[in-house]
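Listed here are the chains, written in short residue letters.
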Amino acid sequence: MQSVQDFVKDNFSWKWVALGTAGVSVFLLRRYVAGPRCPSKVLIPGKTVIITGANCGIGRATALELAKRQGRIILACRDTQTGEEAVKYIRRRTKEGQLIVKKLDLASLKSVKSFCTDIKESEPRIDVLINNAGVFQSPVAKTEDGFEMQMGVNHLGHFYLTNLLLDKLKQSTPSRVVVVSSGLYKMGKIDFDVLENKAEPDQKRTYHNSKLANALFARELAKKLDGTGVSVYCLRPGMVRTSLGRHVSFGALAFPLVKLLGWLLVKGENDGCQTVVYCAVAKELEGVTGHFYANCKEEPWAKSATDDEVAAKLWDVSVKLTEIN
Ligand SMILES: NC(=O)c1ccc[n+]([C@@H]2O[C@H](COP(=O)([O-])OP(=O)(O)OC[C@H]3O[C@@H](n4cnc5c(N)ncnc54)[C@H](OP(=O)(O)O)[C@@H]3O)[C@@H](O)[C@H]2O)c1
């Protein structure tokens with residue numbers, strides 16, 4: 001019989017060592033990129049959570065996680081058909097929780113208002129509002145009310161939505177507002193002339209600016225709601241493989257390389273939603289408000305988001321533009 005030593009000698013090949021090392025490295029890299037999972041395992045039976053843009057990407061993954069935790073999830077989607085497809089997707093993975101699809105187009109203040117009227121009449125409480133929907137680098141376009149599309153959807157639509165639901169959130173304390181921003185908020189700048197349609201936007205920067213608006217809004221909202229029992233959390237999910245880049249095109253030749261790098265270096269949506277879930281449910285965050293999170297832990301606000309004067313002005317201009325009483 002052949003000894004182990006002879007077997008290794010006969011079959012050893014650097015090729016297999018190299019392949020094994022590469023496999024382990026890829027595995028470890030992907031584990032690192034995925035980031036931590038929400039450390040809180042709390043269940044939320046019967047708690048009502050509204051998630052905007054829940055038909056795909058991070059919103060759908062969040063809906064799945066919170067359904068598994070037995071929540072009552074309202075998927076607020078601009079297209080109810082893709083919302084129903086998301087329900088089927090979630091139902092293939094869990095039988096837990098309740099799933100309700102409702103129409104919400106954040107590019108239309110009329111749609112936001114009618115969504116909120118419906119919620120106020122039909123829902124006895126809102127435990128968590130997750131402002132997740134977003135548009136990235138969309139072609140030049142305006143919302144129904146004439147706002148630049150990315151600022152209109154990412155900031156103004158959510159600003160209006162949150163304000164119209166505030167009374168309900170205050171009646172449901174302890175309740176939460178979770179604002180999904182992006183690491184790119186650090187490079188944003190609020191140009192009030194652009195916001196008020198007095199100057200042309202720089203399309204390349206508008207997403208960054210809208211995500212800074214998310215951060216400034218979250219800080220200002222937390223201040224205004226201090227002591228009410230409604231807590232506000234802002235976060236960046238990290239780079240996540242979703243359809244957010246749908247308006248960005250790569251050449252046909254670069255596409256497979258982009259796909260491969262995306263698979264290797266970018267989180268999947270189930271990993272990408274973990275900080276959203278953490279902010280929505282973690283018991284240790286109850287009563288904590290006005291902070292920024294990434295990788296399921298607190299992170300300091302970037303300087304751009306700490307200008308209280310800009311935050312207050314953004315609030316006032318947003319009130320004027322959305323004509324909230
Ligand atoms: N993916 C990333 O790497 C990344 C990084 C940082 C931050 N984020 C943030 O994460 C959030 C979720 O993005 P994602 O990556 O999951 O992208 P996604 O897969 O493209 O999801 C975006 C969601 O927003 C919805 N939406 C767009 N316009 C809307 C409107 N007018 N009214 C209502 N809903 C609208 C989309 O609905 P339709 O499908 O109908 O268009 C979709 O459900 C966004 O706020 C984004 O800025 C993402």
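With 12 residues, helix α4 (residues 80-91) should reach 16 Å at 1.5 Å per residue; the first-to-last C-alpha distance of 16 Å fits that figure. Residues G83, A86, V87, Y89 and I90 constitute the buried set of α4. The arc enclosing the buried residues of α4, seen along the axis, measures out at 160°, which places them on a common side. Of the exposed residues in α4, the ones pointing more than 90 degrees away from its buried face are Q81 and K88. On the buried face of α4, the contacting elements are α3 (57-68), β2 (72-77), β3 (98-103) and α10 (269-272). The N-capping residue of α4, defined by a side-chain oxygen 3.0 Å from the backbone nitrogen of Q81, is D79.

What follows concerns the site of the ligand. Taken together, the neighbourhood of the ligand is formed by 28 residues, with N55, R78, N132, Y207 and T242 sitting nearest. The contact in question runs from an oxygen atom of the ligand to an N or O atom on the side chain of K211, over 2.9 Å. Isolated, the ligand exposes 890 Å² of accessible area, and the fraction of that covered by the protein chains is 94%. Considering only residue class, the shell around the ligand consists of 14 nonpolar, 10 polar and 4 charged.

So, about the sheet that holds strand β7 (residues 291-294). What the 8 strands build is an open sheet, ordered β3-β2-β1-β4-β5-β6-β7-β8; its pairing is mixed. Strand pairing shows two members of the sheet lacking a second neighbour, β3 and β8 (297-299), which therefore form its edges. The mean inter-strand angle of the sheet, taken between neighbouring strand axes irrespective of direction, is 25°. Two strands pair when backbone bridges link them, and β2 and β3 are joined in this way by 6 bridges, in the parallel orientation. Bridge pairing in β3 links I74 to I100. Helix-sheet contacts for α3 involve β1 (48-52), β2, β3 and β4 (128-131), and the interaxial angle to β1 is about 165°.

Criteria and cut-off values
- Residues numbered from 1 in each chain as written.
- Predicted model: local features only at pLDDT ≥ 70, side-chain atom pairs only at ≥ 80, totals over all residues.
- Heavy atoms only, no water.
- Helix = DSSP H or I, 4+ residues; strand = E, 2+ residues; numbered from the N terminus.
- Expected span 1.5 Å × (residues − 1).
- Buried < 20%, exposed > 50% of the residue type's maximum accessible area, 1.4 Å probe, protein only.
- Arc of directions from axis to C-beta.
- Contact = heavy atoms within 4.5 Å.
- Polar contact = N/O pair within 3.5 Å; in protein donor to acceptor, adjacent residues only side chain to side chain.
- Near = heavy atom within 4 Å.
- Areas by Shrake-Rupley, 256 points an atom, 1.4 Å probe, with all protein chains shown as cover.
- Nonpolar A, V, L, I, M, F, W, Y, C, P; charged D, E, K, R; others polar.
- Pairing = 2+ DSSP bridges.
- Axes fitted to C-alpha atoms, helices over the stretch in contact; angles between N-to-C directions.

Function-wise, these values are silent; they only describe arrangement.
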